[in-house]
Amino acid sequence: MSDPRNRPHITVGVDPLKPSLLVLAWGADEAVQRHLAVRLLLAVPTEEHRDVAHREGMPHHRALRKRGADSLEAAASFVRARHPDLELTTHLIDGSPALSLCHESAKAHMIVLGTRRLSRAEEILSGGSIVVPVTAQADCPVVVVSEPEHITQDPPYLVVGVDGSVSSLAAVAQAMEEASLRGAAVRAVWAWPRPVFAHGDESAGFNERRRLLSESTAGWADKYSDVRLTHEVVRGHPVEELARSSEHALSVVVGRRGRGGYTGMRLGSVVHGLLHRAVCPVITVPTPPAK
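Residues numbered from 1 in each chain as written. Predicted model: local features only at pLDDT ≥ 70, side-chain atom pairs only at ≥ 80, totals over all residues. Heavy atoms only, no water.

Which parts of the structure should I look at to understand the environment of serine 269?
Looking at the element boundaries, serine 269 is found in helix H10 (residues 269-277). Considering only alpha carbons, one finds serine 269 and proline 238, 31 residues apart in sequence, at a separation of 9.4 Å. (Helix = DSSP H or I, 4+ residues; strand = E, 2+ residues; numbered from the N terminus.)

In structure tokens, the structure reads:
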């Protein structure tokens, strides 16, 4: 058996307090479908990586590492029981969890995380914020699993948000690939915000956006002939409409423009909103580098 460290892999971030079985299952199942290895990564914050508000009363670093090691072993046991033949490695490291995962993204095919649903203030001020900075800065797709995939629909489907941007084109590519792996359909949704003041020909506006949506997904149905692709232009706020469209979806896929700043906290409002509102896994795809 080859060494998983030398293979393309999916990295799953493990929560030291309580590993999420949903997150572990999603990452392991994805790896099996893609014939990839899995790395379970748990980073233990050192004193300089803990925010001041949470330092008092925190256990000693040695105790944190012991807790982390126990969580990592429990996570590995769950994954091995689910997929005994899956190539798996575990990594317990010291450092900022967010920075460690961002560094990991340079060599990972995908990063899979859970979320504690921190408020916006907690995300900005807390050293416990992981999802937002990793999603904002990662070099690979990031999957945030807070709710299970919905598999009761026939056929199952994924939702992809499209707005004609380069980042949304990357999201379409990811959604089609994911759907093909799962035997699912794809609903490409263009959410058109309502103006403060009504103006122009609304019918013409819908027709133009349908044309742009069709152009944005052109060619993918031919490449993935097994995937049924449908187009929808809806009127409303993108976060609200994409969350509504994906209520019964396997996942919702969106593109991410650019990278976060030095704090890694800049994140598009649509992506940020979906991380809080979506009731299915959220897959965020970075814009590919310009050629």
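Is there a simple way to explain the nonpolar core in this structure?
Soluble, globular proteins show a tendency: their nonpolar side chains are buried together. In terms of nonpolar packing, the biggest core is built from 49 residues, with Val12, Leu40, Val112, Val160, Met176, Val186 and Val253 touching the most fellow members. Sort the elements by how many residues they give to this core and helix H6 (residues 166-182) lands first, with six residues. Beyond its immediate sequence surroundings of up to four residues, valine 12 is in contact with Val23, Leu24, Gly27, Val38, Arg39, Leu40, Leu41 and Val112. Core analysis: the next-biggest nonpolar cluster, separate from the first, contains 30 residues, Ile111, Val234, Cys280 and Val282 among them. (Core = buried A, V, L, I, M, F, W, Y, C linked by side-chain atoms within 4.5 Å. Buried < 20%, exposed > 50% of the residue type's maximum accessible area, 1.4 Å probe, protein only. Contact = heavy atoms within 4.5 Å.)

Got a minute to help me understand the pattern of salt bridges in this structure?
Two side chains carrying opposite charge are able to pair once their charged atoms lie near each other. Under the defined criterion, the tally for this structure stands at 16 salt bridges. Across the pair arginine 34 and glutamate 30 runs a salt bridge, and its minimum N-O distance is 2.7 Å. Here the residue arginine 34 and the residue glutamate 30 both occupy positions in helix H1 (residues 21-34), the gap between them amounting to four residues, near one helical turn. Glutamate 30 matches arginine 34 in its accessibility class, with the two residues each being buried. Glutamate 241 is the partner of arginine 244 in a salt bridge, and the nearest nitrogen-oxygen pair spans 2.8 Å. With arginine 244 and glutamate 241 both in helix H9 (residues 238-245), this residue pair falls three residues apart, about one helical turn. Residue classification places arginine 244 among the partly exposed positions, given a relative accessible area of 45%. Among the residues examined, glutamate 241 registers a relative accessible area of 12% and is labelled buried. (Salt bridge = Lys/Arg side-chain N within 4 Å of Asp/Glu carboxyl O.)

Just checking my understanding: could you explain helix H3 (residues 97-104) for this structure?
Since one α-helical turn is 3.6 residues long, residues separated by three or four positions face the same way. For H3, the buried fraction is high: six of the eight residues fall into the buried class. For H3, the elements touching its buried residues are strand S1 (9-13), strand S2 (37-44), strand S3 (88-94), strand S4 (110-113) and helix H5 (131-137).

Got a minute to help me understand the packing of H1 against helix H2 (residues 61-82) in this structure?
A packed helix pair is summarised by two numbers, namely the angle formed by the two axes and the spacing between the axes. As a packed pair, H1 and H2 sit with axes 10 Å apart at the nearest point and diverge in direction by 45°. It follows from the interaxial angle that H1 and H2 lie oblique. Here the hand of the crossing between H1 and H2 comes out right-handed. On the side of H1, the interface is formed by Leu21, Leu24, Ala25, Ala28 and Asp29, while H2 contributes Ala75, Phe78, Val79 and Arg82. (Axes fitted to C-alpha atoms, helices over the stretch in contact; angles between N-to-C directions. Parallel < 35°, antiparallel > 145°, perpendicular 65-115°, else oblique. Left-handed = near helix turned anticlockwise from the far one by under 90°.)

I tried to follow the sheet that holds strand S8 (residues 229-235) on my own but got confused; where do I start?
Within a sheet, each strand pairs with its neighbour through backbone hydrogen bonds, oriented either parallel or antiparallel. The strand order across the open sheet formed by ten strands is S3-S2-S1-S4-S5-S10-S9-S6-S7-S8, and the pairing between neighbours is mixed. The open sheet has two edge strands with one neighbour each: S3 and S8. Taken pair by pair, the neighbouring strands of this sheet meet at an average axis angle of 25°, ignoring direction. Two strands pair when backbone bridges link them, and strand S6 (residues 157-161) and strand S9 (residues 252-256) are joined in this way by two bridges, in the parallel orientation. Within the sheet, the bridge partner assigned to valine 160 lies in S9 and is valine 253. Contacts from H6 reach S4, S6, strand S7 (185-192), S8, S9 and strand S10 (282-286), with the element oriented near 150° to S9. (Pairing = 2+ DSSP bridges.)

Help me understand the side chain of threonine 217 in this model?
Within the secondary structure, threonine 217 sits in the loop between helix H7 (202-216) and helix H8 (220-223). With a relative accessible area of 3%, threonine 217 lands in the buried category. A distance of 3.2 Å separates a polar atom in the side chain of threonine 217 from the backbone oxygen of leucine 213. In terms of polar contacts, threonine 217 uses its side chain to reach the side chain of histidine 231, at 2.7 Å. If we ignore the near neighbours within four places in the chain, the residues touching threonine 217 are Val172, Ala188, Leu229 and His231. (Polar contact = N/O pair within 3.5 Å; in protein donor to acceptor, adjacent residues only side chain to side chain.)

I'm lost on the confidence of the model for the protein in this one. Help?
Parts of the model with low pLDDT should not have their predicted coordinates read in detail. Residues with a pLDDT of 70 or more make up 82% of the protein, whose mean pLDDT is 85. Note that residues 260-266 has pLDDT below 50 and, in this model, 17 contacts with residues that lie over four places away or in other chains. (pLDDT = per-residue confidence, 0-100.)

Looking at this model, I keep getting lost on the packing of aromatic side chains. Mind explaining?
One pair of aromatic rings is described through two measures. These are the centre distance and the angle between the planes. Counted by the stated rule, this structure contains two aromatic pairs. Judged by centre distance (5.1 Å) and plane angle (85°), the rings of tryptophan 192 and phenylalanine 206 are edge-to-face. Taken together, the positions of tryptophan 192 in strand S7 and phenylalanine 206 in helix H7 put the pair 14 residues apart, joining distant regions of the chain. When sorted by exposure, tryptophan 192 lands in the same class as phenylalanine 206, which is buried. (Phe/Tyr/Trp six-rings, centres within 6.5 Å; stacked < 30°, edge-to-face > 60°.)

What exactly am I supposed to notice about the state of the cysteines here?
Here, disulfide denotes a covalent bond that connects the sulfur atoms of two cysteines. Counted under the stated rule, the structure contains zero disulfides. The thiol of cysteine 102 is not disulfide-bonded; the next cysteine sulfur, from cysteine 140, is found 9.4 Å away. Classification of cysteine 102 by relative accessible area gives buried; the value is 13%. Taking relative accessible area as the criterion, cysteine 140 reaches 4% and is therefore assigned buried. (Disulfide = S-S within 2.5 Å.)

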